[in-house]
Structures are given as structure tokens and as C-alpha cells.
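Examination of the molecular architecture
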Amino acid sequence: YTALPAVCEAIVERGYTLVYPRVDDFGVGAFVLFFVVYMTSVEFGVYWMHRSLHDVKSAYGLLHKTHHIYNKEHTLSPFAGLAFNPLDGILQAVPYVWSLFFIPTHYLTHELLLFGTAIWTTNIHDCIDGACEPIMGAGYHLLHHTNYRTNYGHYLTYCDRIFGSLEVPKREIPAKKTM
């Protein structure tokens, strides 16, 4: 699982990607634009990689099923986010790397996003639903773990909405307190 970041760094150091070291190389405006395009590519790629791990039966059985043994609300925990086949983790991280070949990306931003993904993966498995639309939080991911056919997205719900796999969690509206 750690091989992908190591290979990625070697590819970056050899200049095969569009990674750049300083925001000043392009300016803040271009940095923001490139970041949005990069994250769109990552979101799209992770969505389809994750969905493929469910739709291709052999891939699910060999690679992704281990992660889904945590499929009930009372068994889903932050540890479930880190319980996966290493090849499954590599495949779902590939969009972070392939995007570097065609989108100019600030190096430290890329590294921080890889690190942040580990925190995010833990967060979406903790069953604490923050209800921050359009963020793909724990409420959405719990539904993914219990029905297997919805909510494949990474950080956001957009790809699920576009490709018809979004299931919105039912949330209780808290009762107003009376004095």
C-alpha cells in the first residue's frame, strides 16, 4: 500500500508529471483553478474505481469484500476505514496519481491530500453524521456499507448524484425545546 506514494514521488522527482514546487510558479488564481480541476479528476476517478470494485464481482470478492465485513451500524467504526486489502487501497488512490500527469498540481498540496485521505477514511466510518451537504459524510457511507449499491463517492456527493447512485440518509429533525 505504501508502494504507490513511493513510486509517485519517484515519478514526480524525475519530472514526468506536471507537479510544481511553488504556488508562485503559476500564481494563486491558477493554483485555485488547478486545485478544483485536480479534485474533480480525483473525485471522478475514486468514484468509478470504488464503484468498479463493487460492480466487477471478482474484484469485489478478491479485493473489496474484506472492507465490507463491517457492514452493520454497530460494527462500523473508524478502524473499518483502514481495514482493506492493500491492492484495494492502491486502486482507490490511483486517481490522485494519474491526475498529476495532466493537471498542474502543487506538490505539497498533493502530499497533504494523500495524508488527509487517511483521516477522511477514518472519519466516514465513525458513524457520526455531520450532515454537511454536499460532503459525503458518515451518514452516506453507513448507507453504502449496509446496501453496497449506493454512495461510492469520495469527498462529495456529486458523482453519485450525476450517475444515479446517491442515497440520502434519513435524518431526524430535532424537536424544538419549549420552556
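Residues numbered from 1 in each chain as written. Predicted model: local features only at pLDDT ≥ 70, side-chain atom pairs only at ≥ 80, totals over all residues. Heavy atoms only, no water.

1. Here's the deal with the packing of helix α2 (residues 28-55) against helix α5 (residues 107-123)
Rules: Lines are fitted to the C-alpha atoms to define the axes, a helix being fitted only along its stretch in contact, and any angle between axes, read from their N-to-C directions, falls within 0 to 180 degrees. Numbering goes from the N terminus for both helices and strands, where a helix is a DSSP run of H or I of at least four residues and a strand is a run of E of at least two. Crossing handedness is defined as follows: a turn of the near helix away from the far one that is anticlockwise and smaller than a right angle gives a left-handed crossing, while the clockwise case is right-handed. The contact criterion used throughout is that any non-hydrogen atoms of two residues lie within 4.5 Å. Polarity classes work like this: nonpolar for Ala, Val, Leu, Ile, Met, Phe, Trp, Tyr, Cys and Pro, charged for Asp, Glu, Lys and Arg, and polar for all others, with Gly in that last group.
As a packed pair, α2 and α5 sit with axes 12 Å apart at the nearest point and diverge in direction by 35 degrees. Here α2 runs over α5; the crossing is right-handed. Taking contact as the criterion, the partners of F31, F35, Y38 and M39 in α2 are, on α5, T109, H110 and L113. Class assignment of the residues belonging to the contact of α2 with α5 gives a composition of five nonpolar, two polar and no charged.

2. Looking at helix α1 (residues 3-13)
Inclusion rule: A simple rule labels every residue: compare its accessible area, found with a 1.4 Å probe on the protein chains alone, to the largest value its type can have, and call it buried under 20%, exposed over 50%, or partly exposed in between. Note: the arc covers the axis-to-C-beta directions of the helix.
Every buried residue of α1 is accounted for by L4, C8 and V12. For α1, the angular spread of buried residues about the axis comes to 70 degrees, placing them on one side. In this structure, the buried side of α1 is in contact with β1 (19-20), α4 (86-98) and α5. Backbone geometry just after α1 places G15 at a positive phi near 80 degrees.

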